[in-house]
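What the coordinates show
These are the residues of each chain, in order.
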Amino acid sequence: MFEKPPLRYTDELRAMLSLAAPLVGANLLQMAVFAVDVVFVARLGPVALAAASLSVSLFGLLIWSLSGLVGAAAPLVAAELGQRRHAVREVRRTVRMTGWAGLLGAIVAMGICLLGEPLMRITGQQENVIALAVPFLGVLMWAAIPATFAALLRTFVATMGRPAIGTAITGMAVVVNALGNWLFVFGNLGMPEMGLTGSAVSSVVTTCAMLIAYVVVIRTDRRLRRYRLMGRWWKMERTRFADVMRIGLPITATIIAEAGMFNGAAFLMGRIGEVELAAHTVALQFAAIAFQVPFGVAQAATIRVGLAFGAADNAAISRVGRVAVVLGMGFMVLTASVMLFAPRLILRIYIDPDAPQNAEMVRLAIQYMVIAAAFQLFDGAQAVGASLLRGLQDTRVPMGFALFGYWVPGIGTALGLGLYSPLGGLGVWIGLMVGLVVVATLMLWRWKNREKLGLLPA
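Residues numbered from 1 in each chain as written. Predicted model: local features only at pLDDT ≥ 70, side-chain atom pairs only at ≥ 80, totals over all residues. Heavy atoms only, no water.

Re the nonpolar core
Formed by 97 residues in total, the largest nonpolar core has its most connected members in Leu81, Phe156, Ile317, Met339, Leu388, Leu392 and Trp429. If you look at the next biggest cluster of nonpolar residues, it comprises 36 residues, including Ala48, Met110, Leu137 and Val204. (Core = buried A, V, L, I, M, F, W, Y, C linked by side-chain atoms within 4.5 Å. Buried < 20%, exposed > 50% of the residue type's maximum accessible area, 1.4 Å probe, protein only.)

Quick word on the state of the cysteines
Counting across every chain of the model gives 0 disulfides. The thiol of Cys113 is unpaired, and the distance to the nearest cysteine sulfur, on Cys208, comes to 15 Å. Given a relative accessible area of 31%, Cys208 falls into the partly exposed group. (Disulfide = S-S within 2.5 Å.)

Quick notes on the pattern of salt bridges
Here the structure, examined in full by the defined rule, presents 17 salt bridges. We note a salt bridge from Arg304 to Glu12, for which the minimum N-O separation is 3.1 Å. On the criterion of sequence distance, the pair formed by Arg304 in helix H12 (residues 274-310) and Glu12 in helix H1 (residues 9-41) is long-range, its members being 292 residues apart. The same class applies to Arg304 as to Glu12, namely buried. (Salt bridge = Lys/Arg side-chain N within 4 Å of Asp/Glu carboxyl O. Helix = DSSP H or I, 4+ residues; strand = E, 2+ residues; numbered from the N terminus.)

Topic: the packing of helix H11 (residues 238-272) against H12
Contact geometry for H11 and H12: axes closest at 7 Å, N-to-C directions at 150 degrees. It follows from the interaxial angle that H11 and H12 lie roughly antiparallel. Two secondary-structure elements touch here, H11 through Phe262, Ala265, Ala266, Met269, Gly270 and Ile272 and H12 through Glu276, Leu277, His280 and Leu284. For the contact of H11 with H12, the residue count by class is 7 nonpolar, 2 polar and 1 charged. (Axes fitted to C-alpha atoms, helices over the stretch in contact; angles between N-to-C directions. Parallel < 35°, antiparallel > 145°, perpendicular 65-115°, else oblique. Contact = heavy atoms within 4.5 Å. Nonpolar A, V, L, I, M, F, W, Y, C, P; charged D, E, K, R; others polar.)

Quick look at the layout of surface pockets
Taken as a whole, the second largest pocket spans an internal volume of roughly 490 Å³. For the second largest pocket, the lining is made up of 19 residues, of which Phe149, Leu153, Leu229, Met230 and Trp233 are closest to its centre. Looking at the lining of the second largest pocket, the elements that each hand over two or more residues are helix H4 (87-114), helix H7 (144-159), helix H9 (196-220) and helix H10 (222-225). Per-element tally for the lining of the second largest pocket: the top contributor is H4, with 6 residues. (1 Å grid on protein atoms, 1.4 Å probe; cavity = no way out; pocket = protein on both sides within 12 Å on 5 of 7 lines; lining within 4 Å. Points joined across faces, edges and corners; volume = space filled by probe spheres on them.)

Considering empty space enclosed by the protein
Within this structure, the stated rule accounts for 2 cavities of 30 Å³ or more. As a volume, the second largest cavity reaches approximately 40 Å³. Forming the walls of the second largest cavity are Pro250, Ile251, Thr254, Ala386, Arg390, Asp394, Thr395, Pro398 and Met443. Within the residue set of the lining of the second largest cavity, elements represented by two or more residues are H11 and helix H15 (359-391). Residue classes in the lining of the second largest cavity are distributed as 5 nonpolar, 2 polar and 2 charged.

A look at a nonpolar patch on the surface
A surface patch of nonpolar side chains, about 330 Å² in accessible area, is lined by Leu28, Ile289, Ile349 and Tyr350. Tracing the sequence through the fold places Tyr350 in helix H14 (residues 343-350). Note on Tyr350: relative accessible area 30%, which makes it partly exposed. (Patch = residues over 30% accessible without salt bridge, like charges linked within 9 Å, V, L, I, M, F, W, Y side chains within 5 Å. Areas by Shrake-Rupley, 256 points an atom, 1.4 Å probe, with all protein chains shown as cover.)

Spelled out as structure tokens, the structure:
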């Protein structure tokens, strides 16, 4: 990670892949952590599953947003490493102040979780679901702080060239969460049978285990421990804290804007019909899994651009951008092809597409996958484009792009075509595509014009 930036595209491709591959693996394993909860909670019945899904949706959005906030450490730390001046001290200060920001954000998230009951009533949830969801969320909220700090340390080890650590620890988390659910949900090995609450307890235990694992690894790794991240943790660095918030808060808002568009689409689907919502959920599952690859490439791109930005190497910045865009969009061409030419193969993962009772859902899901195949390219492009700009510590204008693109042409088109045209659910998916196309176009336009816009180092 500290060698001179590569001068050839093949070298940059190799460096990008070595960083992105473990990040992709960690992203997929993180999805598996949440999938474990579904497997166990589903055995408690549909009401318990609905309560858990509702709570995890809210909590997951909060944690994803907080991961964006602490993700501000990636471009800042990478730039400090690229500058090669007093890197140990500067990196320690950045991680410390990012931790302060993350702690404040986690406390706010816990407060939002305490408002879970009125939020659920406002959105018209059923009383029996609320009765289970509120105590579940009351336990789950305690995972906010360890989850946020684990996300910060994952960003740190990845930026330091140790992304495989995050993959290994997230893999461990899958096992810990499965064991925790088995113990606490059903009361095995003498543990109390806690039902749905036991799944929340397992999530808290899992996030704490992840945090402890990161601390142990960092303190035992010779290269990482020299940064002494806990050194003088009480000392405030106002300028550094302001830098973290300047970069991190717009990332958080961008994440909320994108997630809000997809959550809003689910709400619209629910108004159109239950079958449409089910088809939407199944079609979106594969798209979400496929997205983890360009998302991992995007995370790697932020670090690689940040290193070049700190070294004031504009040629290296350009190489990173081209390689990242080709990798991210290239993979999405493959997934789009599968959606177009083998949609029933994908559906077979989740349901029996040949069962008569699933015929209408299958028909709709295949229609949605045609649109999903089209927006796969733009989904990868917007993720990579936004992350390249983050490497340049440019997040405010991209935030504006996301807020506008996802909520004006995106949700606006989905609302108009979904509820006020014969297209129905297909119109909602067209709206999702429009939002992604607009945001991807704006992000890549800004990246292409980075020199004219004064985004490059002097």
